[in-house]
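The lines below spell out each chain.
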Amino acid sequence: MAILEEKLTKQGVAEQVSTFESGNEMAATAAAQINYHIMGYFPITPSTEVAQFLDQMKTRGQHDIKLIPADGEHGSAGICYGAAATGARVINATSANGFLYMLEQMPVQSGTRYPMVMNLVTRAVSGPLDIRGDHSDLYYALNTGWVILTAKTPQAVYDMNIMALKIAEHSKVRLPVIVAYDGFFTSHQKRRVEYFKDRNAVQQFVGECPTDYNFVRDLSKHVTIGAHMSGDDFINNHYQQSEAIYNAGEVFKEVAADYAKLSGRDYQVLDLYRMEDAEVALFLLNSAAESAKDVVDQLRNKGIKAGVISPNIIRPFPAKEIREALKNVKALLVGERADSYGANGPNLTHEVKSALQDDKDNKTIVLSRVFGLGGKDFYADDAHAFFNMAVDAMEMGYAEKPFDYYGHVPGNPENILKPVILPQHGDVYKTGLIDVKMDEETNKLKVKIPPLRALTGKPKRIASGHGACPGCGIFTGLELFFKGIEGDIVTLFQTGCAYVTTTGYPSTSHKQTMIHNLFQNGAATLSGTVEAFMELKRRGEINVSDEATFVMITGDGGMDIGMGSAIGTALRGHKLIMLEYDNEGYMNTGSQMSYSTPIGHMTSTSGVGKVQRGKAFHHKDTAQIMAATNIPYVFTGSEAFPQDLVKKGAKAQWYAQNVGPVYGKLLITCPLNWKSDDRYGTKIVEEAVNSCFFPLYEIEQGVTTITYNPEEKNKRVPLSDWLKYMGKAKHLLKEENLPILEEFEAEVEKRWQRLKAKHENPLL
Ligand SMILES: Cc1ncc(C[n+]2csc(CCOP(=O)(O)OP(=O)(O)O)c2C)c(N)n1
Ligand code: SF4
Ligand SMILES: [Mg+2]
């Protein structure tokens, strides 16, 4: 690997182009050159870019990979598994909790022996949430049965993506392969990289897609995949799997040797830096190893025989090579960006120690340090500190503290923050001006609200000063809704812009109690909270004078990945509100398409170009899906119609306190990713309503009422009057995109006519 930074001799090597790119760009480049059949994916920082780059390349016609946006990572893993079992070449990319969300599928893929390649762009696993890079996700991969290659640089990411497929498909292996590289350090930082000028060089290297084992693809050879097993068969299956992963170690060497001939870059099992005569050494994974190499040079100048070991493959674990490399090393520090809590050292420490056990002459003292969690940088000074510890151990002949954390700092009690805004609750949130009563005749609520200015005295629930973009519609929408709610609320914010922009430890903009959970599970979490609250109250263990209203806040993306949790919560009948703010995409992670993105709209994963014209399918009708759970109250709302929204807030509270679950959807503007002018935020959502794209209605006890009908008010506008405000949709107004616009109009009209029929007939 040290060869990377040296001048390459090009003899016998396929023609390559020099560029300056990031790890994610190079993973996408390799995938495009291989021209995989299928990518099932779901966005998560920092791996999302891989799908985004592939989407951009697709709009330019640079590959034919079918990119399938899943409803979550579990879904993406399912898509990949189904495609791999059909004999397609398959790729995926993920990180952190995305990886953990698909974890259950990993052994299915390896246990049934279907090859594929996954880029694991490593990142800290929540909680608390931290999007930067450590290896805590990777450590969950160690027992999945996948081969794991580790790539330290963007160049290695490219090269290993090509080698990975060949290893995965090798007849002695036939296992899925992870290429793991460091989030942000490697995924986003650009470095000099070489890639093959002609994709044929890559395709010839990986060879033809194998067709000679049990796939769905040949229907004349029918096959049962994944029959359940017991006893002997199961253990035999796993024995074979175990053999296969050890074979992968040997196959890695063969493939790497062939690749060295093609590329001029030689990947040994271990990347050994000045280890020939090293007495003290660091064992580090990925990018940190690169930083430590410079320090080795400095120490060598001072006469200290230092070296660095960094594996290029960790599954199978290269025990033999490590034993060999450490033969004469007196002290080794294993630095790991993850812990194995309670195990007296993280996983690789134990694996290195166990490798040494088999050499009875080995005397290496092994120290273990957990460092760099949550993306904490690893600088030259840190490598010096690690070497100093190893030198001390060498000189003393033992490790004073074999295992510890490194880089953690004691807190200073004097720095305790004082609240800028005092928490508010109870009477301050009550105006007594909102009157909600059940009309026994109609079985609907009657709501009286005062003129809106009379409600301005009710404080905001979220303090200003949060980090949302100028013109963001989330907070106007939420606060208007909250104006309709009297008394205290307990909120649960799922991950998304509303959460990310209002909390950043140790600060919070929430003036009332807020819980965060990941966006696939907020509804279930709040179910637990509301039930616990009620139960503690019933047993007299808490003394609350007032009823609280429980509100789960989610983005539209959260209603994709969290749909199962939301439906389960609705069906169980908990007394809470699920409030979706729909900004038509996964905005917090860089504007990827969600299922609520309308057809033809441009996002970072639904680009517009020659081959592709924005999002390929229609927006999700989440309100109708939730209505089908038969919960007592469902509504849509918009800040452009404030009285309507405040009334719906009041009704939502009544139903959530007296009957059961409520679901509401607010359309809100995202000027940043809609590419719209901040000034037009309210106008845009108003036109979305007036064009009948986003009709305002409610479903109360199963009966639908359109609460604002633009046709009756002579306000109906064509879709184009709404679309023209948004840069993400303007292309739909061009002549060449007329068929998409017409399809969109037809869908909107169909849904609107159906809604009107429901409004007119209470049985529908
Ligand atoms: C299991 C998992 N997958 C992916 C992510 C990354 N992620 C966090 S928020 C988000 C998008 C949220 O979209 P949405 O709910 O619409 O909220 P918005 O950001 O648009 O406000 C994504 C993809 C994650 N945190 N966890
Ligand atoms: S990206 Fe969009 S939704 Fe997120 S804070 Fe900015 S404007 Fe609001
Ligand atoms: Mg969103």
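Scroll up a little and you will see the structure.
Predicted model only: the values in this text are computed from it and were never measured.

Calculation rules
- Residues numbered from 1 in each chain as written.
- Chains lettered and ligands numbered in written order.
- Predicted model: local features only at pLDDT ≥ 70, side-chain atom pairs only at ≥ 80, totals over all residues.
- Heavy atoms only, no water.
- Helix = DSSP H or I, 4+ residues; strand = E, 2+ residues; numbered from the N terminus.
- Contact = heavy atoms within 4.5 Å.
- Near = heavy atom within 4 Å.
- Polar contact = N/O pair within 3.5 Å; in protein donor to acceptor, adjacent residues only side chain to side chain.
- Areas by Shrake-Rupley, 256 points an atom, 1.4 Å probe, with all protein chains shown as cover.
- Nonpolar A, V, L, I, M, F, W, Y, C, P; charged D, E, K, R; others polar.
- Salt bridge = Lys/Arg side-chain N within 4 Å of Asp/Glu carboxyl O.
- Donors = N, O, S within 2.8 Å, 3.2 Å for Na, K, Ca; no water.
- Buried < 20%, exposed > 50% of the residue type's maximum accessible area, 1.4 Å probe, protein only.
- Pairing = 2+ DSSP bridges.
- Axes fitted to C-alpha atoms, helices over the stretch in contact; angles between N-to-C directions.
- Parallel < 35°, antiparallel > 145°, perpendicular 65-115°, else oblique.
- Left-handed = near helix turned anticlockwise from the far one by under 90°.
- Arc of directions from axis to C-beta.
- Core = buried A, V, L, I, M, F, W, Y, C linked by side-chain atoms within 4.5 Å.

Chemist: Could you give an account of the environment of Thr513, naming the residues involved and the relevant values?
Modeler: You can see Thr513 is positioned in the loop between strand E20 (507-508) and strand E21 (514-517). Taking the C-alpha atoms as reference points, Thr513 and Ile79, separated by 434 residues in sequence, lie 38 Å from one another. With residues up to four places along the chain from it excluded, the contact list for Thr513 reads Ile489, Val490 and Thr491.

Chemist: Break down the site of ligand 1 for me, with residues and values.
Modeler: With respect to spatial proximity, 23 residues lie near ligand 1, and among them Glu73, Gly557, Gly558, Tyr581 and Asn588 are the closest. At 2.7 Å from an oxygen atom of ligand 1 is found a side-chain nitrogen or oxygen belonging to Tyr581. With the chains in place, 99% of the 590 Å² that ligand 1 exposes on its own is no longer accessible. Residue assignment for the shell around ligand 1 shows that the elements contributing at least two residues are helix H4 (96-102) and helix H17 (558-561). Of the residues contributing to the shell around ligand 1, the split by class is nine nonpolar, 12 polar and two charged.

Chemist: Can you lay out the pattern of salt bridges for me, pointing to particular residues and giving the numbers?
Modeler: One side chain can pair with another of opposite charge once the charged atoms of both are near each other. For the structure on display, the rule yields 42 salt bridges. In this structure, Glu169 engages Arg89 in a salt bridge whose closest nitrogen and oxygen atoms are separated by 2.7 Å. Of the two residues, Glu169 sits in helix H7 (residues 154-169) while Arg89 sits in the loop between helix H3 (73-85) and strand E4 (90-94), which places them 80 residues apart along the sequence. Here Arg716 ties to Glu711 by a salt bridge, and the two come within 2.9 Å at their closest N and O atoms.

Chemist: A description of the site of ligand 2 should follow, citing residues and the corresponding values.
Modeler: Around ligand 2 sit Ala468, Cys469, Cys472, Ile474, Cys497, Asn583, Cys670, Pro671, Leu672 and Asn673, and that is every residue in its neighbourhood. The biggest single contributor to the shell around ligand 2 is helix H21 (residues 671-674), with three residues. Of the residues belonging to the shell around ligand 2, the class tally is eight nonpolar, two polar and no charged.

Chemist: Pulling in residues and values, what's your account of the side chain of Glu25?
Modeler: Turning to its location among the elements, Glu25 is positioned in helix H1 (residues 23-34). In terms of polar contacts, Glu25 uses its side chain to reach the side chain of Lys190, at 3.3 Å. Leaving out residues up to four positions away in the same chain, Glu25 has contacts with Phe53 and Lys190.

Chemist: Explain the coordination of the magnesium ion (ligand 3) to me, and be specific about the residues and the numbers.
Modeler: Protein ligation of the magnesium ion (ligand 3) involves Asp556 (OD), Asn583 (OD1) and Gly585 (O), the donor distances falling in the range 2.0 to 2.1 Å. Each donor residue of the magnesium ion (ligand 3) lies on one chain, and together they are spaced D-x26-N-x1-G. With Asp556 in the loop between strand E22 (549-555) and H17 and Gly585 in the loop between strand E23 (577-582) and helix H19 (622-627), the pair connects residues that are 29 residues apart, well separated along the chain. An identical accessibility class is assigned to Asp556 and Gly585; each is buried.

Chemist: Tell me what's going on with the sheet that holds strand E27 (residues 703-708), and back it up with residues and numbers.
Modeler: Ordered by their spatial adjacency, eight strands build an open sheet running E21-E18-E22-E23-E25-E24-E26-E27, and the pairing between neighbours is mixed. The outermost strands of the open sheet, each flanked by one partner alone, are E21 and E27. Across the sheet, the axes of successive neighbouring strands diverge by a mean angle of 20 degrees, strand direction being ignored. Bridge analysis of strand E18 (residues 489-494) against E22 gives five bridges, and the strand direction is parallel. Looking across to E22, one finds that Val490 is bridged to Phe550. Sheet strands in contact with helix H14 (residues 474-483) are E18, E22, E23, strand E24 (633-637) and strand E25 (662-667), and its direction is about 150 degrees off that of E23.

Chemist: Residue-level account of the packing of helix H10 (residues 287-301) against helix H13 (residues 380-396), with values.
Modeler: Two packed helices can be described by the angle between their axes and the distance between those axes. For the pair H10 and H13, interaxial distance at closest approach is 9 Å and the crossing angle is 60 degrees. Taken as axis vectors, H10 and H13 run oblique relative to one another. Helix-helix and strand crossings are classified by hand; for H10 and H13 the assignment is right-handed. Residues Ala292, Val295, Val296, Gln298 and Leu299 of H10 pack against Ala380, Ala383, His384 and Phe387 of H13.

Chemist: Residue-level account of helix H8 (residues 199-206), with values.
Modeler: Taken as a whole, H8 has its buried residues at Ala201, Val202, Phe205 and Val206. Looking down the long axis of H8, one finds its buried residues gathered within 120 degrees of arc, a one-sided arrangement. For H8, the capping residue at the N-terminal end is Asp198, with a side-chain oxygen 2.9 Å from the backbone nitrogen of Asn200. Looking one or two residues past H8, Gly207 carries a phi angle of roughly 80 degrees, positive in sign.

Chemist: Just give me the short version of the nonpolar core, but keep the residues and values in it.
Modeler: Proteins that are soluble and globular tend to have nonpolar side chains buried together. Formed by 105 residues in total, the largest nonpolar core has its most connected members in Met39 and Leu54. The leading source of residues in this core is H7, at 10 residues. Contact partners of Met39, with chain neighbours within four places excluded, come to Val50, Ala51, Leu54, Ile65, Lys66, Leu67, Ile68, Ile91, Asn92 and Ala93. Of all hydrophobic cores here, the second largest spans 53 residues; its members include Ala523, Met578, Tyr663 and Trp752.

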